[in-house]
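# Inside the fold
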Amino acid sequence: MVKPVVAIVGRPNVGKSTIFNRIVGERISIVEDVPGVTRDRIYSSGEWLNVTFNIIDTGGIEVGDEPLLVQMRQQAEIAIEEADVIVFMVNGREGITAADEEVAKLLFRSQKPIVLAVNKIDNHEMKDQIYEFYSLGFGEPFPISGSHGLGLGDLLDEVVKHFPKSCDEEYDDSVIQFCLIGRPNVGKSSLVNAILGEDRVIVSDIEGTTRDAIDTKLTREGQEYVIIDTAGMRKRGKVYENLEKYSVLRALKAIERSDVVLVVIDGEKGIIEQDKKIAGYAHEAGRAVVIVVNKWDAVEKDEKTMKEFEQNIRDHFLFLDYAPIVFLSAKTKKRIHTLLPMINLASDSHNMRVQTNILNDVIMDAVAMNPTPTDRGTRLKIYYATQVAVKPPTFVIFVNDPELLHFSYARFLENRIREAFEFTGTPIKIIARARN
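Here is a short report on the structure shown in this document. Keep in mind it's a predicted model, so treat the numbers as computed, not measured.

### Things to note about the overall build of the chain
Along its length, the chain carries 11 helices and 17 strands. Long-range pairs, those at least 24 residues apart, make up 71% of the contacts in the chain with a sequence separation of at least 6.

### So, the pairing of strand S5 (residues 114-119)
Of all the six residues making up S5, six are buried; the element is thus mostly covered by neighbouring parts of the structure. With six bridges connecting them, strand S4 (residues 85-91) and S5 associate as parallel partners. Of the residues in S5, the one forming a bridge with phenylalanine 88 is leucine 116. Where S5 meets strand S6 (residues 142-143), two bridges bridge the pair, whose relative direction is parallel. For alanine 117, the partnering residue across the bridge sits in S6 and is phenylalanine 142.

### Describing unusual backbone geometry
Cis rather than trans, the peptide bond between lysine 391 and proline 392 has omega equal to 5°. Relative to the elements of secondary structure, proline 392 occurs in the loop between strand S15 (382-389) and strand S16 (394-399). Even without glycine at this site, glutamate 221 takes up a positive phi of about 50°. Within the secondary structure, glutamate 221 is located in the loop between strand S8 (214-220) and strand S9 (223-229). Classification of glutamate 221 by relative accessible area gives exposed; the value is 86%. Relative to the helices and strands, lysine 391 resides in the loop between S15 and S16.

### Looking at helix H1 (residues 16-24)
H1 sits mainly inside the fold: seven of its nine residues count as buried. Residues of H1 that are buried include every one of Lys16, Ser17, Ile19, Phe20, Asn21, Ile23 and Val24, and no others.

### Observations concerning the pattern of salt bridges
Close approach of charged atoms lets side chains of opposite charge pair. Under the defined criterion, the tally for this structure stands at 12 salt bridges. Close ionic contact of glutamate 158 with lysine 161 constitutes a salt bridge, the shortest N to O distance being 3.5 Å. Residue glutamate 158 and its partner lysine 161 are both found in helix H4 (residues 152-161); the two are separated by three residues, about one turn of the helix. Relative accessible area serves as the criterion here: at 63%, lysine 161 is assigned to the exposed category.

### Observations regarding the packing of aromatic side chains
The relative placement of two aromatic rings is captured by the distance of their centres and the angle of their planes. Enumeration according to the criterion identifies 13 aromatic pairs in this entry. Taking the centre distance of 6.1 Å and the plane angle of 80° together, the rings of phenylalanine 178 and tyrosine 225 count as edge-to-face. Residue phenylalanine 178 is found in strand S7 (residues 176-181), and its partner tyrosine 225 is found in strand S9; the two are separated by 47 residues along the sequence. Among the aromatic side chains, those forming a connected cluster through ring pairs are Phe88, Phe108 and Phe138. Above the face of the tyrosine 383 ring, arginine 435 is positioned so that its terminal group lies 3.7 Å from the ring centre.

### Quick word on the nonpolar core
For soluble globular proteins, the rule of thumb is that nonpolar side chains tend to be buried together. In this structure, Ile181, Val289, Ile291, Ile313 and Leu320 are the most contacted members of the largest nonpolar core, which totals 29 residues. The residues touching valine 289, leaving out its near neighbours within four places in the chain, are Val261, Val263, Ala282, Leu320, Tyr322, Ala323, Pro324 and Gly425. Listed in part, the 26 residues of the second largest apolar core include Val192, Leu328, Ile336 and Leu339.

### What about the sheet that holds strand S17 (residues 429-434)?
In any sheet, the strands associate via hydrogen bonds between backbone groups, in a parallel or an antiparallel arrangement. One open sheet holds the three strands; their spatial order is S15-S16-S17, and the pairing between them is mixed. The open sheet terminates on both sides in strands that have one partner only, identified here as S15 and S17. Each adjacent strand pair in this sheet contributes to an overall mean axis angle of 25°, direction not counted. Pairing of S16 with S17, which is carried by six bridges, proceeds in the parallel orientation. Counterpart to isoleucine 397 in the pairing with S17 is alanine 432. Lying over the sheet, helix H10 (residues 356-369) contacts S15 and S16, oriented at roughly 135° with respect to S15. Relative to the sheet, helix H11 (residues 407-421) contacts S15, S16 and S17, its axis offset from that of S17 by approximately 125°.

### Digging into the side chain of histidine 350
Mapped onto the fold, histidine 350 is located in helix H9 (residues 339-350). A relative accessible area of 2% means that histidine 350 is categorised as buried. Of the polar contacts made by the side chain of histidine 350, one reaches the backbone oxygen of aspartate 259; its length is 3.5 Å. From its side chain, histidine 350 meets the backbone oxygen of glycine 286 in a polar contact 2.9 Å long. Those residues in contact with histidine 350 that sit more than four places away from it in its chain are Asp259, Gly286, Arg287, Ala288, Val390, Lys391, Pro392, Pro393 and Thr426.

Criteria and thresholds
- Residues numbered from 1 in each chain as written.
- Predicted model: local features only at pLDDT ≥ 70, side-chain atom pairs only at ≥ 80, totals over all residues.
- Heavy atoms only, no water.
- Helix = DSSP H or I, 4+ residues; strand = E, 2+ residues; numbered from the N terminus.
- Contact = heavy atoms within 4.5 Å.
- Buried < 20%, exposed > 50% of the residue type's maximum accessible area, 1.4 Å probe, protein only.
- Pairing = 2+ DSSP bridges.
- Salt bridge = Lys/Arg side-chain N within 4 Å of Asp/Glu carboxyl O.
- Phe/Tyr/Trp six-rings, centres within 6.5 Å; stacked < 30°, edge-to-face > 60°.
- Lys NZ or Arg CZ within 6 Å of the ring centre and 35° of its normal.
- Core = buried A, V, L, I, M, F, W, Y, C linked by side-chain atoms within 4.5 Å.
- Axes fitted to C-alpha atoms, helices over the stretch in contact; angles between N-to-C directions.
- Polar contact = N/O pair within 3.5 Å; in protein donor to acceptor, adjacent residues only side chain to side chain.

Right under this line is the structure:
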């Protein structure tokens, strides 16, 4: 299910980043009392009334021709286009400014639901200061205080009311949905065409040609697939092209809809830091992952090249040690036949269930091989384990004290589970709970 998107928009220095951080529960955006500190869009997830959503913190919209201001305005315009609901934030202490009125004009043209938040109303006596904001034409203003956390519940109640009902196409559980993510020009569209055997997606050497997700249905040997192609991800500092309307968030939406994520790497150019960030989105979302090294035809090779490249990937992507690696060429279609079987394997692993009695045999054998750790004289006791979910496989281990299950020992148990059941291509979650 694709999460609704909320964008926080307003002129600089009205407190957008402070509110963003309070909603997501951590200090992600830089907060500084200087206009323009948040220069590009920042994404995270929030939750209210058991509804999760993506939220965008934008650079302030400000009138002017200076390059920074132009880029910030373009960033905000893209965020507005992506959003399902927009929180328009103003400063209650300063009243309506000319810049607020310019932002209001921009928002009226968006034809999106707008919730007006009047920030810096730090106590009850200041509530009279909100009434002038009715003149902006967005209905009832909601008084809030970012510094004290006041009024956010009422604001979020209103935001959630405007979330759209899901209009995503629902596919049968037997259909494997997979997407391709990667930085621009690694050959994702060419790879889609190679899988399909026809030119269904525009292919261009110009970076960023694909501007939104495209669903393509495919059937091979009785298995149905849906391929979700996405725009290439750029570093945030370069993501301000207004014409391209490109967004990392669109790739995140594609990941949310997918069972398997293909992380596509350019074999000719090698691995860069951005590749790791892109792969991290899929890992954090708990999706099955296959690493695809494209353009392998353009690489000068000897008998050691593939093994060395694979080791380089393992060294850089330590968090994806479970992900299989496929080397291929979308251009020549060499080794393209190896991709769908690997997607099938990753999908099966992502959806695998393990019988409780067999799981506990594996856990007890692991404990016999490597006894549980002690902390300040207390030894971790593992009573039993059970699988509680798939996509990804999630295991609850009942213990005497969850804090005694340290990361290193949980990692050891995960490795033993992987060895026993061959969870290829999927992350595994282990949760420790105290036995009642």
